[in-house]
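An overview of the molecular structure
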Amino acid sequence: MRPRTIVSALVVVAGVAIWFLPDPAGGPEGVWHACAVVVIAIGLWATAVLPEYFTALVFLLLAVTVGGIAPDLAFSGFHSTAAWLIFGGLVIGHAVETTGLGARVAAVIIPRIGTGYLPILAGIVAAAAAMGFLVPSNSGRVAILVPIVAALAGRLGFERGSNGRAALVLAAACGTLYAGFGVLPAAVPNLIMVGAAESIYGVGIRFAEYGFMHFPVLGLVTVAGLPLILRALFPDRPRAVEAAAPPAPWNRGQVTLSGLLVLALVLWMTDFAHGVAPGWVALGVGLLCLMPRIGVEAPSALISRINFGPWFFIVAVVAIGAIVSRSGLGGIVSDRLFSAVTFVEGADLLNLAIVGAIGMVMSLLAGVPGQPAIMTPLATEIAAATGWPLATAVQAQVLTWTMAIFPYQLPPLLLAIHIGGVSSGALVRVLIAMTAAAWIAILPLTWAWWSLLGLFG
């Protein structure tokens, strides 16, 4: 029997044992039933003993049966704009590949980026990070960038399964994700945290304030460190590529899709004016891609050519965050974590590390998108114990989003590896390396930067 099969069996046994625990005194009823289902789902995802989408469907079934979760909460992932952003992203990414638009853009890029492996990775990471200021959606950026980068990898001689292809795709995906945590509208967790802080505390966080606080560190570590990490994890070099033939004339599909992508970019960049969430923009553009006489593919592509397995996975991940938060499980876990640690007023680096450890555990339970709903209400306790201003205590959780070690914690990366044809094992290697970088570089640099700005009070 394989080790991961043994581990997954132990996780299921642990989940069953948790289900039989008595409700905590004074706590919410049935919380351990919800906990049991969450633990089983996370364990199966982490060990990958079953396909992720199959585990997702098992989780949804268990949640509404043995978990005692109300159906509207268990299936809340289907109501989330993040899920429909992924849905639209899958359609858009497929269209970029099938129309040949990605290959055309890649052919334009190749002569301009040189032939060195590290410079190519650095250029992709920098471009991905810069797009965070233009497109307020990690998944939207992934849907546009990854098919182009996958085509670029092919032109450079990196076949599916090669180190080079994995490195290039993950440069685009992780470059947009990690740097995006430092740009206020560029990622879902940012917006959830800001919305929760405003509704709970009346604390408004401005675009410039947020960016000045976070992007200098997150942007620097991403742009400077990620290419080096990828080169070390996936050593390779571009193959000699024959000179490209003169490009064929633009076909109707490429022209149409280019127009639709421009439309999506404009709507994403101006969401502050029209109020339409990025998820609905992605869904609308995805449907236009499949619209008869207008789109670039037949509507039947939805059931015949596009694999929506990852979408069910992401829907379940989003639902887990809501379940952990609204069932009371997040509060119980956070209370026990706080009782196990001691903040020291004035020891700001130590306190930041404690917040990092708590946030890392909470994101294991709820995923990064679900974590801010649990961590933000704890800011008053953090502020009281550390002596920090409330705004600093609220935003200390941001650095913990870079400490995810499993793919299920970061849904946009799941979309990226699906579109780019990269294994989840390759992604896990990068996540572990970036978690190490978060503890070694991001955390102390954040402490130094915030100390310089006087944000600890």
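Our subject is the structure that appears above.
Residues numbered from 1 in each chain as written. Predicted model: local features only at pLDDT ≥ 70, side-chain atom pairs only at ≥ 80, totals over all residues. Heavy atoms only, no water.

**Digging into the overall build of the protein chain**
Put simply, the test is: For helices the rule is a DSSP run of H or I covering at least 4 residues; for strands it is a run of E covering at least 2, with both sets numbered from the N terminus onward. Residue burial is assigned from relative accessible area. The probe radius is 1.4 Å, only protein chains are included, and a residue is buried under 20% of its type maximum, exposed over 50%, and partly exposed in between. Contact between two residues is taken to exist if any of their heavy atoms lie within 4.5 Å; hydrogens are not considered. To measure how exposed things are, a 1.4 Å probe is used in the Shrake-Rupley method; for residues, cover is taken only from the protein chains shown. Think of it this way: Lys and Arg go in the positive column, Asp and Glu in the negative one, and His and the chain ends go nowhere. A charged residue contributes its charge at one atom only: NZ of Lys, CZ of Arg, CG of Asp or CD of Glu.
Tallying secondary structure elements over the protein chain gives 22 helices and zero strands in all. Principal axes of the C-alpha set define a box for the protein chain whose edges measure 70 × 50 × 50 Å. Here the protein chain holds 457 residues, and the buried ones make up 54% of them. Across the protein chain, every contact between residues at least 6 apart in sequence was considered, and the portion connecting residues at least 24 apart equals 78%. Of the accessible surface of the protein chain, which amounts to about 18300 Å², a share of 70% is contributed by carbon and sulfur atoms. The protein chain carries 18 positive and 16 negative side-chain charges, and their two centres are separated by 17 Å.

**Digging into empty space enclosed by the protein**
Taking a probe equal in size to a water molecule and rolling it over the atoms shows the remaining empty space. Rule in force here: Of the two site types, the cavity is a set of points on a 1 Å grid over the protein atoms alone where a 1.4 Å probe fits but cannot get out, and the pocket is an open set with protein on both sides within 12 Å along at least five of seven lines, each lined by residues with an atom within 4 Å of a point. Grid points are joined across faces, edges and corners, and a volume is the space filled by probe spheres set on the points. Classification used: nonpolar for Ala, Val, Leu, Ile, Met, Phe, Trp, Tyr, Cys and Pro, charged for Asp, Glu, Lys and Arg, polar for all others including Gly.
In the structure shown here, the tally under the stated rule is one cavity of 30 Å³ or more. The computed volume of the largest cavity comes to approximately 50 Å³. Forming the boundary of the largest cavity are M213, H214, V217, L218, V398, L399, I442, T446 and W450. If one sorts the elements of the lining of the largest cavity by residue count, helix α11 (residues 207–233) sits on top with four residues. Partitioning the lining of the largest cavity into residue classes produces seven nonpolar, two polar and no charged.

**Notes on the packing of aromatic side chains**
Spelled out, the test is: Only the six-membered ring of Trp is used, alongside the rings of Phe and Tyr, when aromatic pairs are assigned; centres must lie within 6.5 Å, and planes under 30 degrees apart are stacked while those over 60 apart are edge-to-face, with the rest tilted.
Counted according to the given criterion, the structure contains 19 aromatic pairs. Centre to centre, the rings of F75 and F78 are 6.1 Å apart; their planes meet at 25°, and the pair counts as stacked. Look at F78 and you get partly exposed, because its relative accessible area is 23%. Ring-pair connections join several aromatic residues into one group, and the members of that group are F75, F78, W84, F87, F308, W311 and F312.

**As for unusual backbone geometry**
A positive phi angle, near 55°, is found at A48, a position not held by glycine. The class for A48 is partly exposed, based on a relative accessible area of 26%. One non-glycine residue, R293, adopts positive backbone phi at about 70°. Note on placement: R293 falls in the loop between α14 (278–290) and α15 (301–304).

**A short note on the environment of H33**
Counting through the fold element by element, H33 comes out in helix α2 (residues 31–47). Residue class for H33 comes out partly exposed when judged on its relative accessible area of 25%. Remark: the alpha-carbon pair of H33 and V66, spanning 33 residues in sequence, is separated by 7.0 Å. Once residues lying within four places of it in the same chain are set aside, the contact partners of H33 are W19, V66 and G67.

**So, the side chain of H94**
Tracing the sequence through the fold places H94 in helix α5 (residues 81–98). Accessibility expressed as a relative area gives 14% for H94, which makes it buried. Once you skip the residues sitting within four places of it in the chain, H94 turns out to touch E297, R305 and I306.

**Regarding the packing of helix α18 (residues 348–375) against helix α22 (residues 424–453)**
As a reminder, the rule being used: To get an axis, fit a line to the C-alpha atoms, keeping to the stretch in contact for a helix; angles then go from 0 to 180 degrees between the N-to-C directions. Oblique is the label for every angle not falling under 35 degrees (roughly parallel), over 145 degrees (roughly antiparallel), or within 65 to 115 degrees (roughly perpendicular). Each crossing gets its handedness from the near helix: less than a right angle anticlockwise from the far helix is left-handed, clockwise is right-handed.
At a minimum axis separation of 10 Å, α18 and α22 run at an interaxial angle of 140°. Comparing the axis directions of α18 and α22 gives the class oblique. Once α18 is placed against α22, the crossing between them reads as right-handed. Contacts from D348, L349, L352, A353, G356, A357 and M360 in α18 reach T435, W439, L443, P444, T446, W447 and W450 in α22.

**Notes on the nonpolar core**
The following threshold applies: Nonpolar cores were defined as sets of buried Ala, Val, Leu, Ile, Met, Phe, Trp, Tyr and Cys residues, with membership established by side-chain atoms within 4.5 Å.
Judged by nonpolar contacts, the single largest core of 153 residues is most densely connected at F59 and L168. By residue number, the principal contributor to this core is helix α16 (residues 309–326), which donates 12 residues. When near neighbours in sequence (up to four residues on either side) are disregarded, L168 contacts Y117, I120, L121, I124, V149, L152, A153, L156 and F158.

**Here we look at the pattern of salt bridges**
Counted only if it meets this: Think of a salt bridge as a Lys or Arg side-chain nitrogen and an Asp or Glu carboxyl oxygen that are within 4 Å of each other.
Scanning all chains against the criterion turns up one salt bridge. Residue E297 pairs with R305 through a salt bridge whose shortest N-O separation is 3.0 Å.

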